[in-house]
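So the chains spell out like this:
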Amino acid sequence: MFHFIGHLSVSPLVMWNFIGLGEKQLSLEIGDTVHIQETCDGKGGAFPASIVQLRKVIIEKRGDQEVVLSAEMPLVKEVTTTLREWGSIWKQLYVANKKNRVVQVQGLMCDLMEWRSQLLSGTLPSDEFKELKQKVTSKIDYGNKYDP
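The rules behind the values
- Residues numbered from 1 in each chain as written.
- Predicted model: local features only at pLDDT ≥ 70, side-chain atom pairs only at ≥ 80, totals over all residues.
- Heavy atoms only, no water.
- Helix = DSSP H or I, 4+ residues; strand = E, 2+ residues; numbered from the N terminus.
- Buried < 20%, exposed > 50% of the residue type's maximum accessible area, 1.4 Å probe, protein only.
- Contact = heavy atoms within 4.5 Å.
- Areas by Shrake-Rupley, 256 points an atom, 1.4 Å probe, with all protein chains shown as cover.
- pLDDT = per-residue confidence, 0-100.
- 1 Å grid on protein atoms, 1.4 Å probe; cavity = no way out; pocket = protein on both sides within 12 Å on 5 of 7 lines; lining within 4 Å.
- Points joined across faces, edges and corners; volume = space filled by probe spheres on them.
- Nonpolar A, V, L, I, M, F, W, Y, C, P; charged D, E, K, R; others polar.
- Domains from an automatic or database assignment.

- Per an unreviewed UniProt entry, the recorded name for the chain is Dedicator of cytokinesis 2, and the organism is Hucho hucho.

Below you can see the structure in the form of structure tokens.
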């Protein structure tokens, strides 16, 4: 559910990939936004509540549609985009049975997911933030050089 504050809003944002099992569960990827109509206690929901967090978003009206844009810092957006791209590459490598490359890409993605969580926490002192920013950009550059 969107809570409008002018063009700025708060929306549930998916923080981790989730593969839905069965007809009643949704498969979601990092960065997706969801519209929560109801919650349920225990099992049986469309996805676990633990994979979403409320985040600031910008909602733009484009014709009859509303487009949800992240209001996150650019580095977090870059990490999210990179994780989506590398996720597709990881799937291709897995299907092609390239085990060593699967493990390498998976390790790169795990590092980025951990660092993305730290960036989103908003609790890093400025010196740690600068250091983490350098590590993130170096890891993305390194990973992009070894694209299959």
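Now that the structure has been shown, we can carry on.
**Notes on the overall build of the chain**
Then, in step 1: What the chain contains, in helices and strands, is 3 helices and 4 strands.
Then, in step 2: Along the chain direction, N to C, the helices and strands of the chain fall in the order β-β-β-β-α-α-α.
Then, in step 3: Relative to its full complement of 148 residues, the chain shows a buried share of 30%.
Then, in step 4: In the chain, the share of contacts with a sequence separation of at least 24, taken over all contacts with a separation of at least 6, comes to 55%.
Then, in step 5: Split by element, the accessible area of the chain, about 10200 Å² in all, is 53% carbon and sulfur.

**Quick word on the confidence of the model for the chain**
Then, in step 1: The share of residues in the chain with pLDDT of 70 or more is 86%, and the mean pLDDT across the chain is 82.
Then, in step 2: At the low end of the mean pLDDT range in the chain sits strand β1 (residues 3-5), at 39; at the high end sits helix α3 (residues 126-145), at 92.
Then, in step 3: Note on residues 1-6: pLDDT is under 50 here. Beyond four places in sequence and across chains, it has 16 contacts.

**Details of the side chain of Thr82**
Then, in step 1: Here Thr82 shows up in helix α1 (residues 74-95).
Then, in step 2: Owing to a relative accessible area of 2%, Thr82 belongs among the buried residues under this scheme.
Then, in step 3: When residues no more than four places from it in sequence are discounted, the contact partners of Thr82 are Leu112 and Ile140.

**A word on empty space enclosed by the protein**
If a probe as big as a water molecule is rolled over the atoms, it shows which places are left empty.
Then, in step 1: Using the criterion set out here, one finds 2 cavities of 30 Å³ or more in the structure.
Then, in step 2: Volume-wise, the second largest cavity comes out at about 30 Å³.
Then, in step 3: Tallied by class, the residues present in the lining of the second largest cavity amount to 4 nonpolar, 1 polar and 1 charged.
Then, in step 4: Here the lining of the second largest cavity spans two domains, since at least three of its residues come from each of domain 1 (10-70) and domain 2 (74-146).

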